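The primary structure of each chain is shown beneath.
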Amino acid sequence: MLQPKKVKHRKWQRGRSRGIERRGAELAFGSFGLKSLEACWVTARQIEAARRAITGHIERGGKVWIRIFPDKPITKKPPEVTLGGGKGSVDHYVAPVKPGRILFEMDGVPLAVAAEAMRLAAHKLPVKTRFISK
């Protein structure tokens, strides 16, 4: 699973996701892509599940680019712990996604194969997506 080797701060505040994506909103590497239509946090596990769905369907053909990286740490306190005692320890990492962000790109496969692979990947993600091509 993806996670940063080093972070500037171990625990982050949640923040909030507003507006549309300005960077990473155009196809840059491949001919086909999966574009986000809403905002959410995509976990490292979800990214890995989607990547496996894509690579499993294209069967050693083509190339896949992952355009998001989970670098935001999410903390969680253990079960049955009372209030107080500070913020919990880092549990997992997420990639904050805004509408318009390209999540995955693909090249080197026919349109029908790419569309089906992206459809399978979209089922693994918590965000509404759209298949796009150049």
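Throughout what follows, the structure given in this document is the object of discussion.

1. A short note on the overall build of the protein chain
- Per the secondary structure count, the protein chain includes 2 helices and 7 strands.
- When the elements of the protein chain are put in sequence order from the N terminus, they spell out β-β-α-β-β-β-β-α-β.
- In terms of overall dimensions, the protein chain has a C-alpha envelope of 55 × 30 × 25 Å along the principal axes.
- By residue count, 35% of the 134 residues in the protein chain fall in the buried class.
- Once local pairs closer than 6 in sequence are excluded, the contacts in the protein chain between residues at least 24 apart make up 81%.

2. Quick look at the sheet that holds strand E1 (residues 32-36)
- As summarised here, the arrangement of the 4 strands in space is E3-E6-E1-E7, forming an open sheet in which the pairing is antiparallel. Lying at the two open borders of the sheet, with one neighbouring strand each, are strand E3 (63-66) and strand E7 (129-133). Sheet twist, expressed as the mean angle between neighbouring strand axes with direction ignored, is 20 degrees.
- Of the strand pairs in this sheet, E3 and strand E6 (residues 102-107) are connected by 4 bridges, and their pairing is antiparallel. The partner of Val64 across the bridge, within E6, is Met106.

3. Some points on the sheet that holds strand E5 (residues 89-97)
- Overall, antiparallel pairing links the 3 strands, which are arranged E2-E5-E4 in an open sheet. With partners counted over all chains shown, the strands left at the sheet margins are strand E2 (40-43) and strand E4 (72-76), one partner each. Across the sheet, the mean angle separating the axes of adjacent strands is 50 degrees when strand polarity is ignored.
- With 5 bridges connecting them, E4 and E5 associate as antiparallel partners. Residue pairing in the sheet places Lys76 in a bridge with Ser89 of E5.
- The strands touched by helix H1 (residues 44-58) are E2 and E5; relative to E2, the strand with the most contacts, the crossing angle is about 65 degrees.

What counts as what
- Residues numbered from 1 in each chain as written.
- Predicted model: local features only at pLDDT ≥ 70, side-chain atom pairs only at ≥ 80, totals over all residues.
- Heavy atoms only, no water.
- Helix = DSSP H or I, 4+ residues; strand = E, 2+ residues; numbered from the N terminus.
- Buried < 20%, exposed > 50% of the residue type's maximum accessible area, 1.4 Å probe, protein only.
- Contact = heavy atoms within 4.5 Å.
- Pairing = 2+ DSSP bridges.
- Axes fitted to C-alpha atoms, helices over the stretch in contact; angles between N-to-C directions.

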